[in-house]
Amino acid sequence: MENRIRIIDSQVLSDDWYLLKKTTFDYQRRDGQWQRQSRETYDRGNGATILLYNRERRTVVLTRQFRFPAYVNGTLDGMLIEACAGLLDHDDPATCIKRETEEETGYRVNDVRKVFEAYMSPGSVTERLFFFVGAYEPRHKVSAGGGEAHEGEDIEVLEPTLDEALAMVERGEIRDGKTIMLLQYAKLNRLLD
């Protein structure tokens, strides 16, 4: 692929919260023709997400928090129900998700398992997301969670059954892609059976 792409120009459009660039490049199509294209890419780093589950109670741990992009795109209160997630911040994915789990949910888990990774919006966002699952017990609760206030987080911790969470997807109450993927993974792989 390296021989099929020639970078012509790259401009930084914003370097405020994360990096937004506009890149002009020539791309050699499968038929051998070269085509000039221009794309904007948003680079916020890679991230990790986890679905915590308790087999005995058949529950999962989810979060609810305000998401400004969802608000400006028609979600009246801007609140989304999601699986716990966060940016790697120079950590490996497993270390990151353990840290984020404790910060957001209050659960300290040590045994997490990576199940897959995916690009969530590859048309414009560079982020690769690492997906994990991990069992939790009530005794793993070390704090109320809620996130880091200095990072603007104000997170509510939810603990529905897997069936309740899947019904929430069906009713349109859960609309976050990573969360839907993890809930479906749990159902398809019978994590709570």
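For the structure, see preceding data.
In this text the structure is predicted, and so the values were computed from the model without any measurement.

Enquirer: Explain the environment of Leu158 here, please?
Expert: Mapped onto the elements of the fold, Leu158 is located in strand S10 (residues 156–158). With 98 residues separating them along the chain, Leu158 and Val60 place their C-alpha atoms 8.2 Å apart. Not counting residues up to four positions away in its chain, the partners in contact with Leu158 are Val60, Val61, Leu62, Arg64 and Ile81.

Enquirer: Explain the side chain of Gln65 to me, please; I cannot follow it from the model alone.
Expert: By secondary structure assignment, the location of Gln65 is in strand S5 (residues 59–66). In this structure Gln65 touches Gly78, Met79, Leu80, Glu82, Asp154 and Ile155, once residues within four positions along its chain are discounted.

Enquirer: Sorry, what's going on with helix H2 (residues 93–105) here?
Expert: Note: α-helices contain 3.6 residues per turn, so residues at a spacing of three or four share the same orientation. Across its 13 residues, H2 extends 17 Å between first and last C-alpha, which sits within 8% of the 18 Å expected from 1.5 Å per residue. Here the buried face of H2 lies against strand S4 (47–54), S5, strand S7 (84–87), strand S8 (112–119), strand S9 (128–135) and S10. The backbone nitrogen of Ala94 has a side-chain oxygen 3.2 Å away, supplied by the residue at the start of H2, namely Asp92. Positive phi appears at Gly106, one or two residues downstream of H2, with a value of about 85°.

Enquirer: How should the layout of surface pockets be read in this particular structure?
Expert: Take a probe with the size of a water molecule and roll it over the atoms, and the empty space left behind shows itself. The calculated volume of the largest pocket comes to roughly 1,300 Å³. As for the largest pocket, its lining consists of 35 residues, of which Trp17, Arg44, Arg67, Glu82 and Lys178 are closest to the centre. Sorting the residues of the lining of the largest pocket by element identifies S4, S5, helix H1 (68–72), strand S6 (79–82), S7, H2 and helix H4 (177–188) as the ones contributing at least two each. In the lining of the largest pocket, the residues fall into 13 nonpolar, seven polar and 15 charged.

Enquirer: Would you mind going over the pairing of S9 with me for this structure?
Expert: Side-chain positions along a regular strand alternate between the two faces of the sheet. Most of S9 is tucked away: six of the eight residues are buried. Relative to S9, S4 runs parallel, the two sharing seven bridges. Within the sheet, the bridge partner assigned to Tyr53 lies in S9 and is Ala135. Of the strand pairs in this sheet, S8 and S9 are connected by seven bridges, and their pairing is antiparallel. Its bridge partner being in S9, Tyr119 is matched across the sheet by Arg128.

Enquirer: I'm lost on the packing of helix H3 (residues 162–170) against H4 in this one. Help?
Expert: Two quantities define a packed helix pair, namely the angle between the helix axes and the distance between the axes. With their axes 10 Å apart at the nearest point, H3 and H4 run at an angle of 135° to one another. Judged by the angle between their axes, H3 and H4 are oblique. As H3 runs across H4, the sense of the crossing is left-handed. Of the residues in H4, those in contact with Leu162, Asp163, Ala165, Leu166 and Val169 of H3 are Ile180, Leu183, Gln184, Ala186 and Lys187. Grouping the amino acids of the contact of H3 with H4 by side-chain chemistry returns seven nonpolar, one polar and two charged.

Conventions adopted
- Residues numbered from 1 in each chain as written.
- Predicted model: local features only at pLDDT ≥ 70, side-chain atom pairs only at ≥ 80, totals over all residues.
- Heavy atoms only, no water.
- Helix = DSSP H or I, 4+ residues; strand = E, 2+ residues; numbered from the N terminus.
- Contact = heavy atoms within 4.5 Å.
- Expected span 1.5 Å × (residues − 1).
- Polar contact = N/O pair within 3.5 Å; in protein donor to acceptor, adjacent residues only side chain to side chain.
- 1 Å grid on protein atoms, 1.4 Å probe; cavity = no way out; pocket = protein on both sides within 12 Å on 5 of 7 lines; lining within 4 Å.
- Points joined across faces, edges and corners; volume = space filled by probe spheres on them.
- Nonpolar A, V, L, I, M, F, W, Y, C, P; charged D, E, K, R; others polar.
- Buried < 20%, exposed > 50% of the residue type's maximum accessible area, 1.4 Å probe, protein only.
- Pairing = 2+ DSSP bridges.
- Axes fitted to C-alpha atoms, helices over the stretch in contact; angles between N-to-C directions.
- Parallel < 35°, antiparallel > 145°, perpendicular 65-115°, else oblique.
- Left-handed = near helix turned anticlockwise from the far one by under 90°.

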